[in-house]
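Working through the structure, step by step
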Amino acid sequence: MAFEGLSEKLSAAFKRLKQKGKLDEKDVKTAMREVRLALLEADVNYKVTKQFVSAVTERAVGAAVFESLTPAQQVIKIVHEELINLMGSEVSRLQIPSKGQCVIMMCGLQGSGKTTHSGKLAKLLKGQGHRPLLVACDVYRPAAIKQLQVVGEQAGVPVFEMGQIDPVEIAKKALAHARDYGNDIVILDTAGRLHIDEQLMGELENIKSAVDPSEILLVIDAMTGQDAVNVAQSFNDLLEITGVVLTKLDGDTRGGAALSVKAVTGKPIKFSGTGEKLDDLEPFYPDRMASRILG
Ligand code: GDP
């Protein structure tokens, strides 16, 4: 289960704290050392961990925690609140302009779940009364176009494709097609590589400037741990993403990406992917995630 190791280690640290009854600064610092290790082992980014631990320590030592009747509970409450802050404090919704066309550009590494989540998002938006169009801009693998068509069929959403031609051209034509056919939202499934490379980034930048997306969502596989943060940083530097879709949270991810991405990029996690089916998509709730981590 996701976050299992982290949850176990945190609850062990807090159990010891609760057994203490009265607390002093030293007890808090000891517990925070355990929290720090637990976060690092869960692949939370080093700087994020450091900032998190010092924020909690400062608040716990500064507040009247030690006079409280339940000091350990107060410390846990602070950890809970800071975990929520770390992940973005509130639910971050899609920016859909009230008038005109909305373009959502999905990007990310190969295998992160872009095509699947393009389909999930299309299905969700269709259910909300929109008329999305899925667009096959991943032109390097014929199988990717086919996969999007399958996903589109499952979602009951049309798919626009022009085979293996220049994806910038496809994106532009897709916008015109959407205007003609009354599709208010255009979802671009772009190409991914196994690693970030300049050519791919150049292509994504060209698509971005050609179609001016309302949302550039970076699809990140939560199972990739520390690397997820590096990927997020690189994509954000080049494309100025508007948000993240964190996928495969149904797997046994250690949690690092969920806890680091917002802090490192400043961009919110907007959705979480929780399975292979098209309905396995949820808004990302920082408070629920924090509660899940604390068990
Ligand atoms: P793309 O290369 O980025 O387009 O990735 P795909 O959409 O093809 O997804 C890669 C693999 O991950 C596929 O086998 C999907 O079924 C699977 N997958 C995608 N999202 C999720 C998810 O949220 N949970 C699980 N368990 N599997 C997922």
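Quantities reported herein were computed from a predicted structural model and do not represent experimental measurements.

1. With respect to the pattern of salt bridges
Two side chains bearing opposite charge may form a pair once their charged atoms approach each other closely. Under the counting rule described, the total for this entry stands at 14 salt bridges. Between lysine 123 and aspartate 279 there is a salt bridge, and its shortest N-O distance comes to 2.9 Å. Remark: aspartate 279 occurs in the loop between β7 (269-273) and β8 (281-283) and lysine 123 occurs in helix α5 (residues 114-127); sequence separation between them is 156 residues. The exposure class assigned to lysine 123 is partly exposed, which follows from its relative accessible area of 29%. Aspartate 197 is the partner of arginine 193 in a salt bridge, and the nearest nitrogen-oxygen pair spans 2.9 Å.

2. As for the sheet that holds strand β6 (residues 243-247)
Pairing is mixed in the open sheet, where 8 strands are placed in the order β3-β2-β4-β1-β5-β6-β7-β8. Strands with a single pairing partner mark the edges of an open sheet, and in this sheet they are β3 (159-160) and β8. Taken together, the 6 bridges between strand β2 (residues 132-137) and strand β4 (residues 185-190) define a ladder with parallel strand orientation. Pairing of alanine 136 across the sheet is with aspartate 189, part of β4. Sheet strands in contact with α5 are β1 (102-107), β2, β4, β5 (215-221), β6, β7 and β8, and its direction is about 170 degrees off that of β4.

3. Describing the site of the ligand
Neighbouring the ligand are 17 residues; Gly111, Lys114, Thr116, Asp250 and Glu276 lie closest to it. Between lysine 114 and the ligand, the recorded distance is 2.8 Å, taken from a backbone N or O atom to an oxygen atom. With respect to the ligand, the backbone of glycine 275 contributes an N or O atom lying 3.2 Å from an oxygen atom. For the shell around the ligand, the element with the most residues is α5, which contributes 5 residues. When its residues are assigned to classes, the shell around the ligand shows 1 nonpolar, 11 polar and 5 charged.

4. Remarks on helix α3 (residues 46-62)
The first and last C-alpha atoms of α3 sit 24 Å apart over 17 residues, in line with the 24 Å expected at 1.5 Å per residue. Within the sequence span of α3, burial applies to Val48, Thr49, Phe52, Val53, Val56, Thr57 and Ala60. For α3, the arc enclosing every buried residue in end-on projection is 155 degrees, short of the 170-degree limit, so these residues lie on one face. Counted as exposed and oriented over 90 degrees from the buried face of α3: Lys47, Lys50, Gln51, Glu58 and Gly62. In this structure, the buried side of α3 is in contact with α2 (25-41), α4 (71-87) and α10 (256-265). Regarding α3, its N-cap is asparagine 45, as a side-chain oxygen of that residue lies 3.0 Å from the backbone nitrogen of lysine 47 further along.

5. Some words on the environment of glutamine 101
Structurally, glutamine 101 can be placed in the loop between α4 and β1. Assessed through its relative accessible area of 22%, glutamine 101 is described here as partly exposed. For the pair glutamine 101 and glycine 182, spaced 81 residues apart in sequence, the C-alpha separation works out to 9.5 Å. Not counting residues up to four positions away in its chain, the partners in contact with glutamine 101 are Leu175, Ala178, Arg179, Asn183, Asp184, Val186 and Ser214.

Rules used in this analysis
- Residues numbered from 1 in each chain as written.
- Predicted model: local features only at pLDDT ≥ 70, side-chain atom pairs only at ≥ 80, totals over all residues.
- Heavy atoms only, no water.
- Salt bridge = Lys/Arg side-chain N within 4 Å of Asp/Glu carboxyl O.
- Helix = DSSP H or I, 4+ residues; strand = E, 2+ residues; numbered from the N terminus.
- Buried < 20%, exposed > 50% of the residue type's maximum accessible area, 1.4 Å probe, protein only.
- Pairing = 2+ DSSP bridges.
- Contact = heavy atoms within 4.5 Å.
- Axes fitted to C-alpha atoms, helices over the stretch in contact; angles between N-to-C directions.
- Near = heavy atom within 4 Å.
- Polar contact = N/O pair within 3.5 Å; in protein donor to acceptor, adjacent residues only side chain to side chain.
- Nonpolar A, V, L, I, M, F, W, Y, C, P; charged D, E, K, R; others polar.
- Expected span 1.5 Å × (residues − 1).
- Arc of directions from axis to C-beta.

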